[in-house]
Amino acid sequence: MDIGTIQAYAYFFFVAFLVVVLYSYIYHLYSSQWKGKRDYEKYGNIALHDEITDQPIETISKNDDKKVGGINE
């Protein structure tokens with residue numbers, strides 16, 4: 001087996017891995033939206049509605065501002 005064959009196999013498996021990651025990410029987005037955890041389609045207009053007077057995408061509850069780096073104090 002020469003280096004070209006090894007590169008071809010590595011390229012194929014890397015592309016297959018990236019396809020699996022992409023489809024799992026897409027599944028995560030749609031399943032979390034379907035379950036009602038988060039609506040990612042609202043974030044599509046975030047670049048258009050970035051004025052200081054615009055409504056925020058999500059409201060922050062009092063529990064969220066106590067989190068620092070993902071750790072509750």
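Note: the structure precedes this text.
Our subject in this report is the structure included herewith. (Residues numbered from 1 in each chain as written. Predicted model: local features only at pLDDT ≥ 70, side-chain atom pairs only at ≥ 80, totals over all residues. Heavy atoms only, no water.)

## A word on the overall build of the chain
Let me state the cut-off plainly: By the criteria applied, helices consist of DSSP H or I runs no shorter than four residues and strands consist of E runs no shorter than two, each listed in order from the N terminus. Only protein chains enter the accessibility calculation, which uses a 1.4 Å probe; a residue is then buried when its area is under 20% of its type maximum, exposed when over 50%, and partly exposed in between. Note on areas: these come from Shrake-Rupley sampling with a 1.4 Å probe, and a residue is covered only by the protein chains present in the view.
When helices and strands are tallied, the chain shows 1 helix and 2 strands. Counted from the first residue to the last, the chain has its helices and strands arranged as α-β-β. Expressed as a percentage of the 73 residues in the chain, the buried residues total 3%. For the chain, the accessible area works out to roughly 7200 Å², and carbon and sulfur atoms hold 62% of it.

## Here's the deal with helix α1 (residues 3-35)
Basically, it comes down to this: One fewer than the residue count of a helix, multiplied by 1.5 Å, yields its expected span.
Here α1 spans 47 Å end to end across 33 residues, near enough to the 48 Å set by a 1.5 Å rise per residue. Downstream of α1 by a residue or two, G36 has a phi angle that is positive, lying close to 90°.

## Here's the deal with the side chain of S32
As a reminder, the rule being used: Any pair of N or O atoms that falls within 3.5 Å is considered a polar contact. Within protein, one atom must be able to donate a hydrogen and the other to accept it, and sequence-neighbouring residues count only if both atoms are side-chain atoms. Contact criterion: two residues are considered in contact whenever any of their non-hydrogen atoms come within 4.5 Å of each other.
Residue placement: S32 occurs in helix α1. With a relative accessible area of 5%, S32 lands in the buried category. Polar contacts involving the side chain of S32 include one to the main-chain carbonyl oxygen of L29, which spans 3.1 Å. Look past the residues within four positions of S32 in its chain and what remains in contact with it is K37, R38 and Y40.

## Notes on a nonpolar patch on the surface
Counted only if it meets this: Here the term patch refers to residues with relative accessible area over 30% and no salt bridge, with like charges joined within 9 Å and nonpolar side chains (Val, Leu, Ile, Met, Phe, Trp, Tyr) within 5 Å. Every case where a carboxyl oxygen of Asp or Glu lies within 4 Å of a side-chain nitrogen of Lys or Arg is listed as a salt bridge.
Together, Y11, V15, V19, L22, Y23, Y25, I26 and Y30 line one region of the surface with nonpolar side chains, adding up to about 870 Å² of accessible area. By the element assignment, L22 lies in helix α1.

## A short note on the environment of Q33
In this fold, Q33 is placed in helix α1. A residue is classified by how much of its surface remains accessible, and Q33, at 27% relative accessible area, is partly exposed. Look past the residues within four positions of Q33 in its chain and what remains in contact with it is R38, D39 and E41.

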